[in-house]
Amino acid sequence: MEQAALVLEGGSLRCLFTAGVLDVFMEAELDFPYVIGVSAGALSGLNYISRQPFRTARINIDYVNDSRYLGMKSLVKTHSIFNFDFLFGELSEELIPFAWKTFEESDKRFVAVSTDCNTGEALYHEKGLSQDILLAARASSSMPLLAPMVNVDGFECLDGGICNPVPFRKAMEEGYEKLVLVLTRQEGYRKEPSRAMEAVYQRYYKKYPNLVNALCQMEENYNRVQEEISGLEREGKCFVIRPEVPVSVSRIEKDTEKLEDLYTAGRRVAFRRMEALKEYLKA
C-alpha cells in the first residue's frame, strides 16, 4: 500500500456512491497513504482521513432537505446553493462533529483540487501545506454559477472539476504506482457539450477569460479523461470502482430514498470488488 493512491471524483450529491465505497474501505481498515479528491470527492476524502464512516452519508441524507444546508434560501443568503458556512460551522462543530484532531494527526497525505480562476488551471492544496485545508475543500466544491469564488492561499478558486475532474495524473506525478479511482458515473458515460452554457459563462465570468475557456472545454476535457482512464484500466495500470448502472441522482438531489439507494450501491460494489482490489494492491 506504500505506493497506492486513492483518487476521488466529484459529482455533488452523487458522492453518496463514494461515501458507500469509502465506508467499506474504513470498515476493512484499507488505508491509502495518499488521497486526492476533487469537489464532493474532496469533501468525502476529509471524512476518510478523519476516520469517520457514515459521516458523509449522514450529512447529505439527514440535512439535504434542511434549508440551512442546501437550497434557494442558501443561494440568496450566501450566493451558494450549498451553505458551506453551515457545513463547516454548526454542522461540523456541533451537529455531526468533524474529528479535527484525528484528521490533523493523520500521517496520510490529503490533497483537495481547485481551479485557479485567473489561469483556468488546477491548484493542489495539501494538508499541512495549505494555510486552510478546509477552505481549500470548500473551494474545490464551489460549483460555477452556484457558488462564489473562494480565496485560498491568495488564489481565487472554484470547483476543481472544471479543469481536473479525476486527478489521477497528479497522483502519478507524485510517484504513486498503484491508482485506485472511485468514480461517480457508470462505465462509458460521456458528457454532451452545451453551447447555451458557454454564452452564460462568457457573460458571468467575463473578467476571467481563462476560466471561461476552461468552463467551455469542461465536457471535452471530461470525456478525454474518461478515455484515458479506460485505457489505463485495460492495461491494469489502475483499479476503478464505479456505479454499475446509470446514476439518476442529480447534483442537488432532494429525494432521500434515491440518495440512500446510491449509498447502498456504493457499499455493494465495494464489497463485491474487495478481493480483486486487494489482489491489485498486492501485485
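Please read all numbers here as calculations on a predicted model, not as lab measurements. (Residues numbered from 1 in each chain as written. Predicted model: local features only at pLDDT ≥ 70, side-chain atom pairs only at ≥ 80, totals over all residues. Heavy atoms only, no water.)

### Some points on the pattern of salt bridges
Across all of its chains, the model carries 19 salt bridges by this definition. Between Arg-51 and Asp-31 there is a salt bridge whose closest N-O contact spans 3.1 Å. Of the two residues, Arg-51 sits in the loop between α2 (40-49) and α3 (55-62) while Asp-31 sits in the loop between α1 (15-27) and β2 (34-38), which places them 20 residues apart along the sequence. Residue Arg-51 is classed as partly exposed on the basis of its relative accessible area, which comes to 34%. Of the charged contacts in the structure, one is a salt bridge between Lys-108 and Asp-107, with a shortest N-O distance of 3.0 Å. Within the structure, one salt-bridge network assembled from shared partners comprises Arg-109, Glu-126, Lys-170 and Glu-174. (Salt bridge = Lys/Arg side-chain N within 4 Å of Asp/Glu carboxyl O. Helix = DSSP H or I, 4+ residues; strand = E, 2+ residues; numbered from the N terminus. Buried < 20%, exposed > 50% of the residue type's maximum accessible area, 1.4 Å probe, protein only.)

### Side note on the nonpolar core
The biggest cluster of nonpolar side chains holds 67 residues, and the ones touching the most others in it are Leu-6, Leu-16, Phe-25, Phe-32, Leu-46, Tyr-48 and Phe-110. Of the residues forming this core, the biggest block, 10 residues, is contributed by helix α12 (residues 256-282). (Core = buried A, V, L, I, M, F, W, Y, C linked by side-chain atoms within 4.5 Å.)

### Some points on the packing of α1 against α3
The interhelical angle for the contact between α1 and α3, taken along N-to-C directions, is 150 degrees, at an axis separation of 8 Å. In terms of orientation, α1 and α3 fall into the roughly antiparallel class. For α1 against α3, the interelement crossing comes out left-handed. Across the interface between the two elements, Cys-15, Leu-16 and Ala-19 from α1 touch Thr-56, Ala-57, Asn-60 and Ile-61 from α3. (Axes fitted to C-alpha atoms, helices over the stretch in contact; angles between N-to-C directions. Parallel < 35°, antiparallel > 145°, perpendicular 65-115°, else oblique. Left-handed = near helix turned anticlockwise from the far one by under 90°. Contact = heavy atoms within 4.5 Å.)

### Some thoughts on the side chain of Arg-185
Note on placement: Arg-185 falls in the loop between β7 (178-182) and α9 (195-204). Buried and without a salt bridge, Arg-185 has Glu-9 as its closest oppositely charged side chain, separated by 6.5 Å. Polar side-chain contacts of Arg-185 include one of 3.5 Å to the side chain of Tyr-189. If we skip the residues at most four places from it in the chain, Arg-185 touches Glu-9, Arg-14, Tyr-222, Arg-242, Pro-243 and Val-247. (Lys, Arg positive; Asp, Glu negative; His and termini not counted. Polar contact = N/O pair within 3.5 Å; in protein donor to acceptor, adjacent residues only side chain to side chain.)

### Here we look at the side chain of Thr-18
In this fold, Thr-18 is placed in helix α1. Looking at Thr-18, the relative accessible area reads 0%, which means it is buried. In contact with Thr-18, other than residues within four places in its own chain, are Leu-8, Glu-9, Ser-44, Val-182 and Thr-184.

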